[in-house]
Amino acid sequence: MLWVLFLLVAWGVAGASCLRLCLAAASVDRARDPGHVELTLYEAAFLTGGPHRVADLALVTMHLRRRLLLAHTGWATVVDPEGRDEVERTVIRAIGPGGQSLIPPIRSATAAADAVRSLADRLVGAGLALPGGERTDLASAIRAVRGAALLVIAMAGAALLLPDQESGIGVPLTAELVWFALPLVLTLGCLAIARMEIHPYSSWASPTGQRLLDSFAAPPGSADREVLAAVAVRGVRAVDDPALRAALSGGGHPAGATYRDR
């Protein structure tokens, strides 16, 4: 009968973790109608990649419009010191009075600046972005379900290693495996649903924000709008120019100064 204790542990952990994930997903998926909203490039960048994506978009925009020169060696040089918006002005301030700096510290300083935090606050207030706490809770709940699935497998393995494989109530080995398979299917099913329904927007965008991203189109007004929209949604990997992509990807930076696209 010892295997029944293992089964109860497996069921308890699996049920509790799946319930936690459902509650976290429900708190995120609050129905909210923001009205007629058209996302700007910066807003789309934040909802898909967070503050660092906004910084990347600003750098690419300024480079394509000849206000900044991004070299493949990983250095940024100011060409036009007059930023067209607060994020661009933040980039220029991050470069410093010398007019030249490595790209990683510019990117980090811009991502942490007040202009980007204000953008995040506006999106959270409009129900388009997830507050930091909700992102953390959801990610933690998904990890808990993964851990529960591994625990169910461990409990099943421990039950199989018991010296007496025939229980006192006449339950054969195959029936024991079926009972352990049920909580495993529960946890794996929850993970599959979370992957399909939650994963696309679990990092930054709320469900409402994700629906706006699905219909996002590049704002009219400039010849490079399609490129900038691709960078906003897909990040640095959307850049076709190898030299520009190398500059933003950190290929030419000294050791310890590289960073990943987010």
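Residues numbered from 1 in each chain as written. Predicted model: local features only at pLDDT ≥ 70, side-chain atom pairs only at ≥ 80, totals over all residues. Heavy atoms only, no water.

## Focus: the packing of helix H2 (residues 41-64) against helix H3 (residues 86-95)
Where H2 contacts H3, the two axes come as close as 9 Å, and the packing angle between them is 60°. Here H2 lies oblique to H3, going by the angle between them. Along this stretch, H2 crosses H3, giving a crossing that reads as right-handed. Together, Tyr-42, Val-54, Ala-58, Leu-59, Thr-61 and Met-62 of H2 and Val-87, Glu-88, Val-91 and Ile-92 of H3 make up the contact between the two elements. Taken together, the residues that form the contact of H2 with H3 break down as eight nonpolar, one polar and one charged. (Axes fitted to C-alpha atoms, helices over the stretch in contact; angles between N-to-C directions. Helix = DSSP H or I, 4+ residues; strand = E, 2+ residues; numbered from the N terminus. Parallel < 35°, antiparallel > 145°, perpendicular 65-115°, else oblique. Left-handed = near helix turned anticlockwise from the far one by under 90°. Contact = heavy atoms within 4.5 Å. Nonpolar A, V, L, I, M, F, W, Y, C, P; charged D, E, K, R; others polar.)

## Topic: the state of the cysteines
Overall, the coordinates contain zero disulfides when judged by the stated rule. Cys-190 supplies the cysteine sulfur nearest to Cys-18, a cysteine that is in no disulfide, at a spacing of 3.3 Å. For Cys-18, a relative accessible area of 5% puts it in the buried group. (Disulfide = S-S within 2.5 Å. Buried < 20%, exposed > 50% of the residue type's maximum accessible area, 1.4 Å probe, protein only.)

## Brief notes about the pairing of strand S2 (residues 75-78)
Each regular strand carries side chains that alternate between the two faces of the sheet. Taken together, the three bridges between strand S1 (residues 68-70) and S2 define a ladder with antiparallel strand orientation. Bridge pairing links Leu-68 to Val-78 in S2. Counted between consecutive antiparallel strands, the loop separating S1 from S2 contains four residues, among which Gly-74 sits at a positive phi close to 100°. With three bridges joining them, S2 and strand S3 (residues 100-102) adopt antiparallel strand pairing. When the bridges of S3 are listed, Ala-76 appears paired with Ser-101. (Pairing = 2+ DSSP bridges.)

## Comments concerning a nonpolar patch on the surface
Taken together, the side chains of Trp-11, Val-178, Trp-179, Leu-182 and Leu-186 make up a nonpolar region of the molecular surface, amounting to roughly 450 Å² of accessible area. One can find Leu-182 in helix H7 (residues 173-197). Overall, the relative accessible area of 40% leaves Leu-182 in the partly exposed class. (Patch = residues over 30% accessible without salt bridge, like charges linked within 9 Å, V, L, I, M, F, W, Y side chains within 5 Å. Areas by Shrake-Rupley, 256 points an atom, 1.4 Å probe, with all protein chains shown as cover. Salt bridge = Lys/Arg side-chain N within 4 Å of Asp/Glu carboxyl O.)

## Thoughts on the pattern of salt bridges
This structure, assessed with the given rule, holds six salt bridges. The salt bridge partner of Glu-86 is Arg-93, with a shortest N-O separation of 2.8 Å. The partly exposed category is assigned to Glu-86, whose relative accessible area is 37%. Judged by relative accessible area, Arg-93 falls into the exposed class, the value being 54%. We note a salt bridge from Arg-117 to Asp-114, for which the minimum N-O separation is 2.1 Å. Here Arg-117 pairs with Asp-114, and both are found in helix H5 (residues 114-125), just three residues apart, close to one helical turn. Relative accessible area serves as the criterion here: at 44%, Arg-117 is assigned to the partly exposed category. Owing to a relative accessible area of 52%, Asp-114 belongs among the exposed residues under this scheme. When salt bridges with common partners are traced through the structure, they connect Glu-86, Arg-89 and Arg-93 into a single cluster.

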